Amino acid sequence: MASADLTPLVTGNWKMNGLAVAEGELAKIVNGAAGLKAELMVCPPATLVASFAAAARGSAVAIGGQDCHAEPSGAHTGDIAAEMLKDAGAAAVIVGHSERRTDHHETDAQVRSKAMAARRAGLLAIVCIGEQRAEREGGQTLAVIGRQLDGSLPDGGTSANLVLAYEPVWAIGTGLTPTAADVAEAHAFIRKRLETRFGAEGGRIRILYGGSVKPTNAKELLTIANVNGALVGGASLKAADFLGIAAVYRSA
Ligand code: PGA
């Protein structure tokens, strides 16, 4: 199956934004999801996972967490197990987001453990990788994401349990985006690594682009080869913007 045939996934990462009242925004996203040739997902803060999952049940919108602990339970104050997200109604969890890697000093090995935990719990793991600005400027991009892939990917990845998100760190929340050629190069590189690691299944694992995706640049970014959807931060908080991005996949 060619990567272009994969069902795209547009995921909103709400980060540390959203109170109970934001359920109205979710309702608009649920209403707007009809007729899209893509899967939609919203990853709200952990406090909203259960209520959002209940509100979105039976709709075309899945709910995900933004992080999980590697262990299923235990003395880890403040942490949330993958099993708990699953229990709350989540279908997926983001792991290794650059803000976790930076703010919480998460290593590739820890990200890999979290991705394995997601698999154990029956969640789709959305594994994030991406280079820093200095690494891009130093011509290190492919070396860096190659190292992150080697260190962060879980064993036994399939299209049902794993999604990759390529997010250049310098493009997150900045309004900056890489050129289409740079996105194509990174995604082709990731695709090849996935196929080397997981065989034919690696050709079916979706690779999302993330970093300053907006309605105005979505078409350009999401029609690049091997880009199978988007991980959206800021522009996912308003239903109109999020749906404006997903509209790239609206059937004619
Ligand atoms: P952004 O964030 O869309 O606000 O750049 C993307 C992300 O961090 O996943």
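What you see is a predicted model, and the numbers here were worked out from it, not measured in a lab.

## Things to note about the overall build of the protein
Now for step 1: The number of helices and strands found in the protein is 10 helices and eight strands.
Now for step 2: Over its C-alpha atoms the protein spans a radius of gyration of 17 Å, differing by no more than 12% from the 18 Å that the globule rule assigns to 252 residues.
Now for step 3: Taken along the three principal axes of its C-alpha coordinates, the protein extends 50 × 45 × 35 Å.
Now for step 4: Relative to its 252 residues, the protein shows a buried fraction of 50%.
Now for step 5: Pairs at least 24 residues apart make up 73% of the contacts formed inside the protein by residues separated by at least 6 positions.
Now for step 6: Split by element, the accessible area of the protein, about 10800 Å² in all, is 54% carbon and sulfur.

## Description of helix α2 (residues 46-56)
Now for step 1: Turning to α2, its buried residues number three or more, namely Leu-48, Val-49, Phe-52, Ala-53 and Ala-56. Along the axis of α2, the buried residues cluster in a sector spanning 135 degrees; they form a single face.
Now for step 2: Lining the buried residues of α2 we find α1 (23-32), β2 (39-43), β3 (61-65) and α3 (82-87).
Now for step 3: Residue Gly-58 follows α2 closely and has a positive phi angle near 80 degrees.

## Description of the site of the ligand
Now for step 1: In the vicinity of the ligand lie 13 residues, with Lys-15, His-97, Glu-167, Gly-173 and Ser-212 positioned nearest.
Now for step 2: Within the side chain of His-97, an N or O atom sits 2.6 Å from an oxygen atom of the ligand.
Now for step 3: Compared with its free state, where it exposes 280 Å², the ligand has 94% of that area covered by protein.
Now for step 4: Class assignment of the residues belonging to the shell around the ligand gives a composition of four nonpolar, seven polar and two charged.

## What to know about the sheet that holds strand β6 (residues 162-166)
Now for step 1: The parallel closed barrel is built from eight strands, whose spatial order is β1-β2-β3-β4-β5-β6-β7-β8. Sheet twist, expressed as the average angle between the axes of neighbouring strands with direction ignored, equals 25 degrees.

## Observations concerning the side chain of Arg-191
Now for step 1: Position of Arg-191 relative to the elements: it lies in helix α8 (residues 180-198).
Now for step 2: The charged side chain of Arg-191 is buried without a salt bridge, its nearest counter-charge being Glu-195 at 4.9 Å.
Now for step 3: A distance of 2.8 Å separates the side chain of Arg-191 from the side chain of Asn-228, its partner in a polar contact.

## A short note on the layout of surface pockets
Now for step 1: Of the pockets and cavities examined, the largest pocket occupies roughly 590 Å³.
Now for step 2: For the lining of the largest pocket, the element with the most residues is helix α4 (residues 98-103), which contributes three residues.
Now for step 3: Counted by class, the lining of the largest pocket contains eight nonpolar, nine polar and six charged residues.

Criteria and thresholds
- Residues numbered from 1 in each chain as written.
- Predicted model: local features only at pLDDT ≥ 70, side-chain atom pairs only at ≥ 80, totals over all residues.
- Heavy atoms only, no water.
- Helix = DSSP H or I, 4+ residues; strand = E, 2+ residues; numbered from the N terminus.
- Rg over C-alpha atoms; globule rule 2.2 N^0.38 Å.
- Buried < 20%, exposed > 50% of the residue type's maximum accessible area, 1.4 Å probe, protein only.
- Contact = heavy atoms within 4.5 Å.
- Areas by Shrake-Rupley, 256 points an atom, 1.4 Å probe, with all protein chains shown as cover.
- Arc of directions from axis to C-beta.
- Near = heavy atom within 4 Å.
- Polar contact = N/O pair within 3.5 Å; in protein donor to acceptor, adjacent residues only side chain to side chain.
- Nonpolar A, V, L, I, M, F, W, Y, C, P; charged D, E, K, R; others polar.
- Pairing = 2+ DSSP bridges.
- Axes fitted to C-alpha atoms, helices over the stretch in contact; angles between N-to-C directions.
- Lys, Arg positive; Asp, Glu negative; His and termini not counted.
- Salt bridge = Lys/Arg side-chain N within 4 Å of Asp/Glu carboxyl O.
- 1 Å grid on protein atoms, 1.4 Å probe; cavity = no way out; pocket = protein on both sides within 12 Å on 5 of 7 lines; lining within 4 Å.
- Points joined across faces, edges and corners; volume = space filled by probe spheres on them.

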